[in-house]
Each structure stands twice: as C-alpha cells, then as structure tokens.
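As a plain string of letters, each chain reads:
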Amino acid sequence: MSSLQDALKQSEALIGTEVGVSNWITVDQPMIDTFATTTHDEQWIHIDPERAAAETPFGGTIAHGFLTLSLASRFAYDCFDMLPGQVMGINYGMNKLRFLMPVRAGSRLRGRFTLQAVNARNATDLLRTNALTVEIEGEETPALVAEWLGLAVFKD
C-alpha cells in the first residue's frame, strides 16, 4: 500500500473529529500596522487608535479580516505534522468563509481544526477539508469560520 493510501485510510478514521488546536497568537497594533502597510489597506479603523476609540463601537482599532485569515497558516503549523511519505502541503483554497466578530487590537487568537472530508485526487495528492474556527480569547463568537482545503502531496 502506498503512503498516500495509508494516509487516506488513517485520515478517514478522523473525519468529524477535532484534529488540532493551535497556540494563542496576540494580534497587537504593530502587527496590524505592518499588515496595513503590506497590503496598502490603511483604513483608519485599523491604524488610528485615537480615532477608532472615539468613533467606533470597538473601543480602539481592529485587525483586518484578511489579517485574521492569514494567521490560519500559522495555526496549521501548530497543529499538523507532515504525514509519512508527504513531501509538501499546499493551500488549495476555501469553500466557505465568514468573518463573524471583529478582532480588537491586543486580542489573542487561536485556530481549531475539525476534519470534514478527505479524498485521493490522484496518485500523489490527498485533498483534506477542515472546518477552521478562529477563536478570540474571552469571546463566545469566533472571529471567523471557514472550510479550508489543503493538499497533502506525496511522492509518486
């Protein structure tokens, strides 16, 4: 049996279960500012703490939704090791994505992954669909929920 077939069999047994919870990451103002500069999204609700405190219901600045989403890769590094025979992992995209709660500057976030589906696409690629929930410490409502697709690529 190939490494891919072994991984498929092991993964199928995990469908419907939580397969990882990441470490917490603090989203502070310098991170938000760096993201704003990098993406050229310098809207004041992200980069002007005084104005955001005075003119928004958030009490200060909030992170960009796409900054929150971009941390998904970091969360995955905390949760997933390479499978035996896997040579790389590739982000394949999202089926669904919803931003549910703003992330205030200074908040701590972590990712939770639940395996929803796994399929062999061909002789080298295993497609995994995970439900990703990005939690905000101390909040009931998550920052975002998504269905994240990832390819585990194996040697031919």
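Higher on the page you've got the structure.
What you see is a predicted model; the values in this text were computed from it and never measured. Residue positions are given per chain, counted from 1 along the sequence in the order it is written. In keeping with the model being predicted, local features are shown solely for residues with a pLDDT of at least 70 and side-chain atom pairs are shown and tallied solely at 80 or more, while totals for entire chains, interfaces and linings include all residues. Where side-chain values are given, they derive from all heavy atoms of the structure, hydrogens and water being excluded.

Caption draft 1: Spatial organisation of the overall build of the protein. We count a stretch as a helix when DSSP gives it H or I for four or more residues in a row; a strand needs E for two or more, and each element gets its number in order from the N terminus. For the protein, the count of helices and strands is 6 helices and 6 strands. Mapped from its N terminus to its C terminus, the protein presents α and β elements in the order α-β-β-α-α-α-α-α-β-β-β-β. Projected onto its principal axes, the C-alpha coordinates of the protein cover approximately 60 × 30 × 25 Å. Residue contacts follow a heavy-atom distance rule, with two residues in contact if any of their heavy atoms lie within 4.5 Å. Across the protein, the fraction of contacts at a sequence separation of at least 24, relative to all contacts at a separation of at least 6, is 72%. We get accessible surface area from the Shrake-Rupley algorithm with a probe of 1.4 Å; when it comes to residues, only the shown protein chains can shield them. For the protein, the accessible surface area stands at approximately 8,600 Å², while carbon and sulfur atoms represent 51% of it. In this tally, Lys and Arg are treated as positive and Asp and Glu as negative; His is ignored, and so are the chain termini. Charge positions are represented by NZ for Lys, CZ for Arg, CG for Asp and CD for Glu. Within the protein, one finds 12 positive and 19 negative side-chain charges whose respective centroids are separated by 7 Å.

Caption draft 2: Region of the structure containing unusual backbone geometry. In this structure, His40 takes a positive phi of about 60 degrees despite not being glycine. Tracing the chain through its elements places His40 in the loop between helix H2 (29–39) and helix H3 (44–47). With a relative accessible area of 70%, His40 lands in the exposed category. In this scheme, a residue with accessible area under 20% of its type's maximum is buried, one over 50% is exposed, and one in between is partly exposed, where area comes from a 1.4 Å probe on protein chains only.

Caption draft 3: Fine view of the nonpolar core. Nonpolar cores are built from buried Ala, Val, Leu, Ile, Met, Phe, Trp, Tyr and Cys residues. Side-chain atoms within 4.5 Å join them into one set. One finds Val27, Phe75, Val103, Leu109, Phe113, Leu132 and Val134 to be the most contacted residues of the largest nonpolar core, which totals 22 residues. Of all elements in the fold, only strand S2 (25–27), H2, helix H5 (65–70), helix H6 (72–79), strand S4 (107–120), strand S5 (125–136) and strand S6 (144–154) reach the threshold of two or more residues within this core. Formed by 8 residues, the second largest nonpolar core is a distinct cluster that contains Ala7, Leu8, Leu83 and Ala152.

Caption draft 4: The arrangement of the side chain of Asp125 in detail. Following the sequence through the fold, Asp125 ends up in strand S5. Under the rule applied, a polar contact is a pair of N or O atoms within 3.5 Å (in protein, one hydrogen donor and one hydrogen acceptor; residues adjacent in sequence only if both atoms are side-chain atoms). In this structure the side chain of Asp125 is engaged in a polar contact, spanning 3.1 Å, whose partner is the side chain of Thr124.

Caption draft 5: Broad picture of the layout of surface pockets. With a 1 Å grid spanning the protein atoms alone, the term cavity applies to any set of points in which a 1.4 Å probe fits but cannot get out, the term pocket to an open set with protein on both sides within 12 Å along at least five of seven lines, and the term lining residue to any residue with an atom within 4 Å of a point. Grid points are joined across faces, edges and corners, and a volume is the space filled by probe spheres set on the points. Each pocket or cavity is described by its volume, and for the largest pocket that value is around 500 Å³. Taken together, 17 residues line the largest pocket, and the ones lying closest to its centre are Ala76, Phe80, Gly89, Ile90 and Arg128. Within the residue set of the lining of the largest pocket, elements represented by two or more residues are H6, strand S3 (86–99), S5 and S6. Here the second largest pocket defines a volume of roughly 180 Å³. Contributing to the lining of the second largest pocket are Gln10, Ser11, Leu14, Val19, Phe80, Asp81, Leu83, Leu115, Arg128 and Asn130. Contributions of two or more residues to the lining of the second largest pocket are made by helix H1 (3–12) and S5. Note on residue classes: Ala, Val, Leu, Ile, Met, Phe, Trp, Tyr, Cys and Pro are nonpolar, Asp, Glu, Lys and Arg are charged, and everything else, Gly too, is polar. Split by residue class, the lining of the second largest pocket holds 5 nonpolar, 3 polar and 2 charged.

Caption draft 6: The arrangement of the packing of aromatic side chains in detail. Each aromatic pair joins two rings of Phe, Tyr and Trp (for Trp, the six-membered one) with centres within 6.5 Å, and gets the label stacked for planes under 30 degrees apart, edge-to-face for over 60, and tilted for any other angle. This structure, assessed with the given rule, holds 3 aromatic pairs. Ring geometry for Phe80 versus Phe113: centroids 5.0 Å apart, planes at 70 degrees, classification edge-to-face. With a gap of 33 residues between them, Phe80 in the loop between H6 and S3 and Phe113 in strand S4 connect regions that are remote in the sequence. Given a relative accessible area of 26%, Phe80 falls into the partly exposed group. The exposure class of Phe113 is buried, given its relative accessible area of 1%. Seen from their ring centres, Phe113 and Trp148 are 6.1 Å apart, and the 35 degrees between their planes marks the pair as tilted. Remark: Trp148 occurs in strand S6 and Phe113 occurs in strand S4; sequence separation between them is 35 residues. Trp148 carries the same exposure label as Phe113, and that label is buried.

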